[in-house]
Amino acid sequence: MKFTVDSRRSTGVDIGAARTKLGELHGREYWRSLEELLETDDFREHLHREFRVPIDSGVDRRELLTLMGASIALAGLTGCTRQPTERIYPYVKPPEEIVPGEPLFYATAHLHEGYARGVLAKSYEGRPIKVDGNDLHPASLGGSDVFAQASILNMYDPDRSQTLTERGQIRPWSALLAAVKLTLEQERPRRGSGLRFLTTTVTSPTLQAQIAAVLAELPDAKWIAWEPTGRENVFAGTKLAFGQELQPVYAFDKADVVLSLEADFLGSGPSMPRHVRDFVSRRRAETMNRLYVVESTPTLTGARADHRRPLTPAAIESFAASVAAGVGVGGISAGAPADAFADAVAADLKSHAGASLVVAGETQPPAVHALAHAMNAALGNVGKTVRYVGSAADTPAAQTAALAELVGEMADGRVSTLVILGGNPAFNTPADLDFGKAMQKVGLRIRLGLYNDETSRLCHWNVAEAHALESWSDARAEDGTVTILQPLIAPLFSGKTAHELLAAFSAEPEKSAHDIVRDQWRGKLPGDFEAAWQKSLHDGLVDGSAFPSRPVAVRSFPLDPRASTLDPSLTLLFRPDPTIWDGSYANNGWLQELAKPMTKLTWDNAALMAPATAEKLGVTTEDVVELSFAGRRVEAPVWVMPGQAEGCVTIHFGYGRTRGGRVADGTGFNAYALRESRTLWAAPGVEIRKTLRRYPLATTQHQHSMEGRAPVRAVTAAAYLENPGVVAHMGEPPPGPHDTMYPQLPRGSYAWGMAIDLSTCVGCNACVIACQSENNIPIVGKEQVQRGRAMQWIRIDRYYKGSLDAPETFHQPVTCMHCENAPCEVVCPVNATVHSAEGLNQMVYNRCVGTRYCSNNCPYKVRRFNFFLYSDFTTEIKKMVNNPEVTVRSRGVMEKCSYCVQRINRARYAAEKENRPIKDGEIVTACEQACPARAITFGNVDDPESRVSRAKAEKRGYGLLVELGTRPRTSYLASLSNPSPALAPAEEPEKHKA
Amino acid sequence: MSTAEPPHSEQKPATGAILAPGYTFTTLTDKLASIALSRRTPKSWFFGAAVGFVLTMVLLATITHLVFKGVGIFGVNVPVGWGFDILNFVWWIGIGHAGTLISAILLLLRQPWRNSINRFAEAMTIFAVSCAGLYPLLHTGRPWLDYWLVPYPNTMGMWPNFRSPLIWDVFAVTTYATVSLLFWYVGMIPDLATLRDRAKALWAKMLYGMLAMGWRGSARHWHRYETASLLLAGLATPLVISVHTVVSFDFAAGIVPGWHATIFPPYFVAGAIYAGFAMVLTLAIPLRKIYGLEDFITMKHLDNMAKILLATSLIVAYGYAVEAFMAFYSGNVYERYMMWNRATGPYKHMYWALIFCNVLAPQMMWFRKLRHSIPALFVMAMIVNVGMWLERYVIIVVSLSRDFLPSSWGLYKGTVFDWSMFLGSIGLFIALLFLFIRLLPMISIFEMRVILPEAKVEAKEEQA
Amino acid sequence: MTKIYGLMAEFENPNDLVEATRRAREAGFTKLDAYSPYPIEALAEALDIHDRKLPAVVLGGGILGGVLGYALCYWTSVIAYPLNVGGKPLNSVPAFIVPTFETTILFAAFAAVFGMLALNGLPMPYHPVFNAPRFALASRDRFFLCIESKDPKFDHDETWAFLTKLGPRVVMDVEE
């Protein structure tokens, strides 16, 4: 390990002193060498020599300024000495579990909409660099999603809030404690009637307990939670159906037939990886399930559907009613319009009673949820494919109402102190409430936040929040499972956790988050506390903490009157953005540049509308339209979206940040500006006016049809079982093994290869971000994406088939195929890309001169070129996120998927140390590890027993462009679908020739 | 003895003549030598040189920006990894073919009419090749490492990949440049001797004297000299064919639909001759006017070149036809789409413009009247220059923009820097050419003497 | 009196020169040379120059170039640093032909040019013939015949007389 202390001057450095000094330091204060830390005379002298700053001699102001200017300029030069700035703590006495260069994995949790999903964070010398799913955690099962993968980048975001300030002045923590103490003294007499806590959805038992404690002391204080993507409809639905607020927990692996009422369970949500894994476990030809989806705007779930119907929100309600009637839910048979599709679905559900499942999405009104629950009950699915547990979030489920009330109180000046924990209410609360304006009536506003954002601007006290990977905390998954969050690194910017801030309101204001969380669980863990605590931290979950199922009985409930009425005109739909979610990831470059799964858009949101709608309005993609609803106006570029329900316009919220950070600001438009508390998800009666302007959008894919070629091969399960050979005949056959004049070059002891199952891949993009994180892939910005220079090593191609209004959608991850006869290698003039004996198509960065010939000659176009200096070599903190095992590429060189060669080699070392061959499954590529569907398998194709060989052996395996004789090592498994025989002839265009 | 004033063409050269009557060794020598020596520089020269100089500065500015910012300043992307850079490389190389072709092949074919155009055609070749050379050197991501393409022993123990057409390019183009340079210089030695002997100014005597290497016109020297010229011609002929063949391999050896075609080598070579002669015309027409060389570059020359243009345009047209036919005959979906995309895709205007410039327009050369109209010829030559540029655009950019996987299709557009680099290279070409005209004999004097009537020796003799 | 390199006669046109050269040869002169502003085949015959060295040199150059060219490709790709490049055999003959061809041409061309110069003894900054007052015209419009003093039959006055008989424009001494 190289730890640069300049030997010339390191003499007489007092390590002890250094350690004490370090004790005083907190996160942010970097130091380059012990001398600097201790400010020894040699160091001052060194500074003097370096920057020619007369340290002690009196300098007049003017001269000093010039010198400082010079020193800043020179600072770059000293940077050239490459001191290991990322190592914050020197291993004067190395902790024994840390071996330099060997990563450590810690179980913790990623929070999504307030719910926990277990993750394993990978850390080098105390520097977390990668986040992946935790196999043990019920919501993850080892899979992850783009947000978990990208969260690591947020932690190293230089735009994060870095200090504790009061009205812009930097203050010590003690000053805040004093301020809080004062407030409490004022509040106690009036039982806290002026005190309000505003949080996001909180599932942390510790935090819940802390708040409860404060409220117990100040009974008139209130706690409000606001989550822009909150699930109050879910709870309202169960309340409607069962009379109690419950959280449904689904078992998609047990369902033969699934009906989704706009539930995007494969695309988003805290339990998305779990749902995906369960669902795709039933996408094998033999035990194939069937998925019906009705939705207003295309989602990944809809893309995987065997039958998908684009319907307006109102139509979904009536459809739900019809199906409910069909499956024999009492009390609603009347009034439900007849619908052949609905009848077929109902029949199918009925024929699989007990093994079917109806799921309603958060965007659906309570009535639809209630109908779904009623159907599950009627079909006898409860307890089989769905069970109900208590809510992990014990805040009032009706968040909107509570928020409205809070705003009312604030506007009336009845709130004297507002404590905002996380979130960004000034930006993401309903426009009609005008939260920002109201909160300015509050006397004292305290904010804990990751960023200095729209809300911080309106607060007096701003406390830099610690990132989840820097914090001690705990949180529950949807099914109640508790994960204890442990920090992998001391807060980089001396941030505080919500626990520490709330502690300020308690008897022991100085208590650390660690102690708070520990004390919360002391006595609550089974068996010996220490052991249980250690095990919980190690496993990433607390044994037996999952909620028990609650018995439910359906009550009769009134149907929503809206069900019968049709939307007057255009309906505006609000959805969280697929990549930057509710805006909390807006400053995350990886997610900004990630092509959204359905539109392939980057860096922007748009007004999605059906082709027919666009025609009616006389607009097309990139035309700017003015959306006006209830007197509010927003301008947005149009995106013509095949498969969108006619008459529905979808806008994704999260964009249009004004104080989001350097990456976030200026991207997209703010959809929240039209979102009202009455119409959180769907606003009927929006007006759209065409402007004459156009707004260029950056998309990564311009061609959406397969042009009569067969990159994606899809077949119905029935056809496949009947004739497995069908897949092979969908494209040109490859040349035979003997159709070559060349001798076989020597093969290594392994032959690495990959298989990607298009039947299970849902196109969620997790692999893309995982790859970006693992391989230090830079972002290039909107302008460069527009010029076709995006850098991700995996891209997910999206193709449409069939009608423009309701097409079938296919997703296909494409990465370097590692062709055995690679066209790219032959044309490289300098041997910068060559083949390894084990079949890797190796890219030698430092040999590359950048002719780009290889990219031209790559039929898959999976090579990426550094047209400019894309990687950031200067921002210290950004360097910390880099994987030390992967070269950071400089300007002018080609790069591409390496099959995670660093992971292959790590496995090789391990195997050689133990003098054994590498075991199957020992090497897991980043994409494979991230994939919630386990659609990607990597391994040794020469070993017939390996998972990858068995996958490739399947009859539905095929290679991409094999007719070119490239002999790709990465191959695909054809996508299977299971259309209902009752609907097939009408619905299904012949799939055999995809 | 006093130099007799050259007979300024009272009598125009008879059509069909390759030299105006009334010239003697004396007058011919004096007139041609005087262009480089005594004759005062015409205004138009200063104008042309100035244009060349300014554009060369534009080139240098672009290159500087390129080296500092990176190759991203050009329009290239994925899938279109090559744009103006390789396009202009091929365009220039093509132009660079006429010179050697005229001097070598026409020499072997004993075409005396070549004698008055081969010198500046060769010069044009060398300058065009230098312009061409700029592009591959500067199109790389890390131009400062270009020397890695050259096989030289190094501590890394690394060698270039001799299977890569780009390495073939390195060999072919450098060989071609070297041989052309030798050919050009050797051809000039006797004339340099003439200049040496005619020069008044001391610096000129010294300069030309050194370059002439003490040539004294000894019969023995002449004999070996002629052998050497013939051998060089014999070597240069396959070389000139090979160069554009190799350039065509850059594409033919690739798998991109629209590149991977066996027709490429012959049709690239034809295209090169086509482009080359067009450029010779483009230069010859103004030159003979400015320097009153109508007596030496006669209508006969222009007529012959026009005929060659016509012939090569037909070959090129055949190339296009075969491309299209093969695309559909192959039954290969990618090939078929490639052709369809050229004719109807986003770049269709390019394709049809190309067909007009290279196939339709040249057909007017069938008419003697047009072949003998200077303006018509000049316009024609210009059209061909443009047409050949478009051809390379269609082959390189359009093919790359839509290859195998529809998902990775993308468009390409040249940026301002692509254009400034292109204009800059044209400027460099002009600048070099004007320097040459001013300082060196742009028409081969001794070869012109050979075709004088008085050069005939009664004894059985041949002309060289 | 300075040493004489030879005697030089100046003629108006190629025919006289060729004729004069023949006569001089017939008269038995061996050390003589003719100078003309452009190549005259007939002169070569008159002086009967039969020099076949150059083609041999060029052939040699070509062969050398070819061998070296292929050797380079083979040695680097098969022996020095064998690499699996796109599954092609280490010794990719068809690909290696191209560089081989180019080096062949290059070396042959070098041989032709430098061979010619070497055989002609160029560059030669100084040569006595340039001392002849009017010799500058040899690169313009005059034709010269020079009989060198090295010639066994050379005798200043006789040779002078002989040359004048050939009807030149002038006869002159060429000083060493």
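So, how was this worked out
- Position labels on residues start from 1 in each chain and follow its written sequence.
- A letter from A marks each chain and a number from 1 marks each ligand, given out in the order of writing.
- Predicted model: local features are reported for residues with pLDDT of at least 70 only, side-chain atom pairs are reported and counted for 80 or more only, and whole-chain, interface and lining totals are derived from all residues.
- Only hydrogens and water are set aside; all other atoms, that is, all heavy atoms of the structure, feed into the side-chain values.
- Here a helix means four or more residues in a row that DSSP labels H or I, a strand means two or more in a row labelled E, and each is numbered from the N terminus.
- Based on C-alpha atoms, the radius of gyration is set beside the globule rule, defined as 2.2 Å times the residue count to the power 0.38.
- Working rule for contacts: check all heavy atoms of both residues, and any pair within 4.5 Å makes them a contact.
- The Shrake-Rupley method, run with a 1.4 Å probe, gives the accessible areas here. Residue values count only the displayed protein chains as cover.
- Counted as positive: Lys and Arg. Counted as negative: Asp and Glu. His and the chain ends are not counted at all.
- Taken as the charge location is NZ of Lys, CZ of Arg, CG of Asp or CD of Glu.
- Any two strands between which DSSP finds at least two bridges are classified as paired.
- Orientation is described by lines fitted to C-alpha atoms, with helices fitted over the stretch in contact, and by angles between N-to-C directions that extend from 0 to 180 degrees.
- By convention here, the domain bounds are inherited from an automatic or database domain assignment.
- Buried area adds together the accessible area that both of two parts lose upon being put together, with accessible area traced by a 1.4 Å probe.
- Salt bridge, as applied in this entry: a Lys or Arg side-chain nitrogen positioned within 4 Å of an Asp or Glu carboxyl oxygen.
- Asp, Glu, Lys and Arg are counted as charged, while Ala, Val, Leu, Ile, Met, Phe, Trp, Tyr, Cys and Pro are counted as nonpolar; the rest, among them Gly, fall into the polar class.
- Known as pLDDT, the predictor's confidence for each residue is given on a scale from 0 to 100.
- In these notes, a set of buried Ala, Val, Leu, Ile, Met, Phe, Trp, Tyr and Cys residues joined through side-chain atoms within 4.5 Å is what counts as a nonpolar core.
- Exposure classes here rest on a 1.4 Å probe applied to the protein chains alone. A residue is buried below 20% of its type maximum, exposed above 50%, and partly exposed in between.
- Every angle not falling under 35 degrees, over 145, or within 65 to 115 is termed oblique; those three ranges are roughly parallel, roughly antiparallel and roughly perpendicular.
- Each crossing is labelled by how the near helix is turned from the far one, with a counterclockwise turn of less than a right angle marking it left-handed and a clockwise turn marking it right-handed.
- Think of a polar contact as two N or O atoms within 3.5 Å of one another; within protein, one of them needs to be a possible hydrogen donor and the other a possible acceptor, and neighboring residues in sequence only count if both atoms come from side chains.
- Expected helix span is given by 1.5 Å per residue-to-residue step, counting one fewer step than there are residues.

### Some words on the overall build of chain B
Now for step 1: In terms of regular secondary structure, chain B is built from 16 helices and zero strands.
Now for step 2: Compactness check: chain B gives a C-alpha radius of gyration of 23 Å against a globular reference of 23 Å for 464 residues, within 12% of the reference.
Now for step 3: Principal axes of the C-alpha set define a box for chain B whose edges measure 80 × 60 × 45 Å.
Now for step 4: A sequence separation of at least 24 residues applies to 79% of the contacts in chain B between residues at least 6 apart.
Now for step 5: Of the roughly 16,000 Å² that chain B leaves accessible, carbon and sulfur atoms contribute 74%.
Now for step 6: Within chain B, one finds 35 positive and 24 negative side-chain charges whose respective centroids are separated by 3 Å.

### Digging into the sheet that holds strand β6 (residues 195-199) of chain A
Residue and element names in this part refer to chain A.
Now for step 1: What the seven strands build is an open sheet, ordered β5-β4-β16-β15-β14-β6-β7; its pairing is mixed. One side of each edge strand has no neighbouring strand; the edge strands of this open sheet are β5 (169-170) and β7 (222-225).
Now for step 2: Sheet analysis places strand β14 (residues 417-421) next to strand β15 (residues 444-449), joined by five bridges and oriented parallel. Paired with Leu418 across the strands is Arg445, a residue of β15.
Now for step 3: This element, helix α7 (residues 173-187), spans β6, β14, β15 and β16 (461-464) of the sheet and lies at about 130° to β16.

### Some thoughts on the domain arrangement of chain C
Now for step 1: Segmenting chain C into domains produces domain 1 (4-48 + 126-175) and domain 2 (53-119).
Now for step 2: The centre of domain 1 of chain C, based on its C-alpha atoms, is set 45 Å off from the matching centre of domain 2 of chain C.

### Section: the interface of chain C and chain A
Now for step 1: Opposite the eight residues of chain C that make contact, chain A presents eleven residues.
Now for step 2: Carbon and sulfur atoms make up 68% of the area that chain C and chain A hide from each other, which totals about 950 Å².
Now for step 3: The interface formed by chain C and chain A contains zero salt bridges.
Now for step 4: By residue class, the composition of the side of chain C that touches chain A is four nonpolar, three polar and one charged.

### Regarding the confidence of the model for chain B
Close reading of the predicted structure is inappropriate where its pLDDT is low.
All names here are of chain B.
Now for step 1: Mean pLDDT for chain B: 87, with 95% of residues reaching 70 or above.
Now for step 2: For the stretch residues 1-11, pLDDT sits under 50, and the model shows 18 contacts to residues farther than four places along the chain or on other chains.
Now for step 3: The low-confidence segment residues 460-464 (pLDDT under 50) makes eleven contacts with residues lying over four places distant or belonging to another chain.

### As for unusual backbone geometry
Now for step 1: The residue after Val78(B), namely Pro79(B), is reached through a cis peptide bond having omega 20°.
Now for step 2: Mapped onto the elements, Pro79(B) comes out in the loop between α2 (43-69) and α3 (84-95).
Now for step 3: Across the junction of Leu122(C) and Pro123(C), the peptide omega takes the value -5°, indicating a cis bond.
Now for step 4: A positive phi angle, near 55°, is found at Tyr899(A), a position not held by glycine.
Now for step 5: By the element assignment, Tyr899(A) lies in the loop between β35 (894-895) and α29 (901-913).
Now for step 6: Within the chain, Cys900(A) stands out as a residue other than glycine whose phi angle is a positive 50°.
Now for step 7: In this fold, Cys900(A) is placed in the loop between β35 and α29.

### Regarding the interface of chain B and chain A
Now for step 1: Residue-level contacts link 57 residues of chain B with 51 residues of chain A.
Now for step 2: For the pair chain B and chain A, the two sides together bury roughly 4,300 Å², of which 56% comes from carbon and sulfur.
Now for step 3: For the chain B face of the interface with chain A, the top three residues by lost area are Val78(B), Leu405(B) and Ser407(B), together amounting to 16%.
Now for step 4: Inspection of the chain B/chain A interface yields two salt bridges.

### Structural notes on the nonpolar core
For soluble globular proteins, nonpolar side chains are generally found buried alongside one another.
Now for step 1: In terms of nonpolar packing, the biggest core is built from 322 residues, with Phe120(B), Met442(B) and Leu145(C) touching the most fellow members.
Now for step 2: Counting residues in each nonpolar core, the second largest holds 74 residues, with Val329(A), Ala344(A), Val762(A) and Ala926(A) among its members.

### With respect to the packing of helix α5 (residues 118-138) of chain B against helix α9 (residues 264-290) of chain B
Residues and elements named next belong to chain B.
Now for step 1: Axis separation between α5 and α9 bottoms out at 10 Å; the angle between their running directions is 120°. When the interaxial angle is binned, α5 and α9 end up oblique. As α5 runs across α9, the sense of the crossing is right-handed. For the pair α5 and α9, the contacting residues are Phe120, Ala121 and Met124 in the first and Gly276, Met279, Val280, Leu283, Ala284 and Leu287 in the second.
Now for step 2: When its residues are assigned to classes, the contact of α5 with α9 shows eight nonpolar, one polar and no charged.

### Concerning the environment of Asn131(C)
All names here are of chain C.
Now for step 1: As for its placement among the helices and strands, Asn131 is situated in the loop between α4 (93-119) and β3 (143-148).
Now for step 2: Since its relative accessible area comes to 34%, Asn131 is described here as partly exposed.
Now for step 3: The sequence separation of Asn131 and Glu175 amounts to 44 residues, and the corresponding C-alpha distance is 6.2 Å.
Now for step 4: Leaving out residues up to four positions away in the same chain, Asn131 has contacts with Tyr126, Glu175 and Glu176.
Now for step 5: A distance of 3.0 Å separates polar atoms of two side chains, one belonging to Asn131 and the other to Tyr126.

### Focus on the sheet that holds strand β29 (residues 752-757) of chain A
Residue and element names in this part refer to chain A.
Now for step 1: An order of β36-β29-β38-β37 is seen for the four strands of this open sheet, with the pairing classed as mixed. Bordering the open sheet on either side are β36 (936-940) and β37 (957-958), each of which pairs with just one other strand.
Now for step 2: Note that β29 and strand β38 (residues 970-973) share four bridges and pair parallel. Counted as the bridge partner of Asp757 is Leu973 from β38.

### A word on the pattern of salt bridges
Pairing between side chains of opposite charge can happen when the charged atoms of each approach one another.
Now for step 1: Tallied over the entire structure, the rule returns 80 salt bridges over all chains.
Now for step 2: Between Lys181(A) and Glu185(A) there is a salt bridge, with the nearest N and O atoms lying 3.7 Å from each other. Placement of both Lys181(A) and Glu185(A) in helix α7 is noted, with a separation of four residues, approximately one turn of the helix.
Now for step 3: When its relative accessible area of 43% is taken as the criterion, Glu185(A) is described as partly exposed.
Now for step 4: Close ionic contact of Asp757(A) with Arg956(A) constitutes a salt bridge, the shortest N to O distance being 2.8 Å. Of this pair, Asp757(A) sits in strand β29 while Arg956(A) is found in the loop between α31 (947-953) and β37, placing the two residues 199 residues apart along the sequence. Of the two residues, Asp757(A) and Arg956(A), neither departs from the other in class, the shared state being buried.
Now for step 5: Salt bridges here are not isolated pairs; linked through shared partners, they connect Glu10(C), Glu12(C), Arg134(C), Arg140(C), Asp141(C), Arg142(C) and Arg169(C).

### A word on the side chain of Gln486(A)
Residue and element names in this part refer to chain A.
Now for step 1: Locating Gln486 in the fold gives a position in the loop between β18 (482-485) and α18 (498-503).
Now for step 2: Residue class for Gln486 comes out buried when judged on its relative accessible area of 10%.
Now for step 3: In contact with Gln486, other than residues within four places in its own chain, are Tyr106, Ala107, Thr108, Leu469, Ser471, Trp472 and Leu537.

### Details of α2(B)
Residues and elements named next belong to chain B.
Now for step 1: Taking 1.5 Å per residue as the helical rise, α2 with its 27 residues ought to reach 39 Å, and the 39 Å between its terminal C-alpha atoms agrees with that figure.
Now for step 2: Those residues of α2 that sit buried are Trp45, Gly48, Ala49, Gly52, Thr56, Leu59, Thr62, Ile63 and Leu66.
Now for step 3: Residues of α2 that are buried make contact with α5 and α15 (416-439).
Now for step 4: Among the residues trailing α2, Gly70 stands out with phi positive, at a value near 120°.

### Thoughts on the confidence of the model for chain C
Now for step 1: Looking at chain C as a whole, its pLDDT mean stands at 87, while 99% of the residues score no less than 70.
Now for step 2: Of the two predicted TM-score estimates for the complex, the pTM is 0.87 and the ipTM is 0.90.

### A short note on the pairing of β29(A)
All names here are of chain A.
Now for step 1: Most of β29 is tucked away, with six of its six residues classed as buried.
Now for step 2: Judged by which residues are buried, β29 turns out to be covered on both faces: Trp752, Met754 and Ile756 on one side and Gly753, Ala755 and Asp757 on the other are all buried.
Now for step 3: Note that β29 and β36 share five bridges and pair antiparallel. Counterpart to Ala755 in the pairing with β36 is Thr937.

### A word on the environment of Arg633(A)
Now for step 1: Tracing the chain through its elements places Arg633(A) in strand β23 (residues 632-640).
Now for step 2: Spatially, the C-alpha atom of Arg633(A) lies 9.6 Å from that of Ile688(A), the residues being 55 residues apart in sequence.

### Digging into helix α12 (residues 348-360) of chain B
Now for step 1: Of the positions making up α12(B), those classed as buried are Met350(B), Tyr351(B), Leu354(B), Ile355(B), Cys357(B), Asn358(B) and Val359(B).
Now for step 2: Buried residues belonging to α12(B) abut α9, α10 (299-329), α11 (333-344) and α14 (374-401) of chain B.

### Quick look at the pairing of β18(A)
Residue and element names in this part refer to chain A.
Now for step 1: Of the two faces of β18, the one lined by Val482 and Ile484 and the one lined by Thr483 and Leu485 are each fully buried.
Now for step 2: Direction of pairing for strand β17 (residues 473-476) relative to β18: antiparallel, over a ladder of four bridges. Bridged to Ala475 within β18 is Thr483.
Now for step 3: Between the end of β17 and the start of β18, which pair antiparallel, lie five residues, with Gly480 showing a positive phi angle near 100°.

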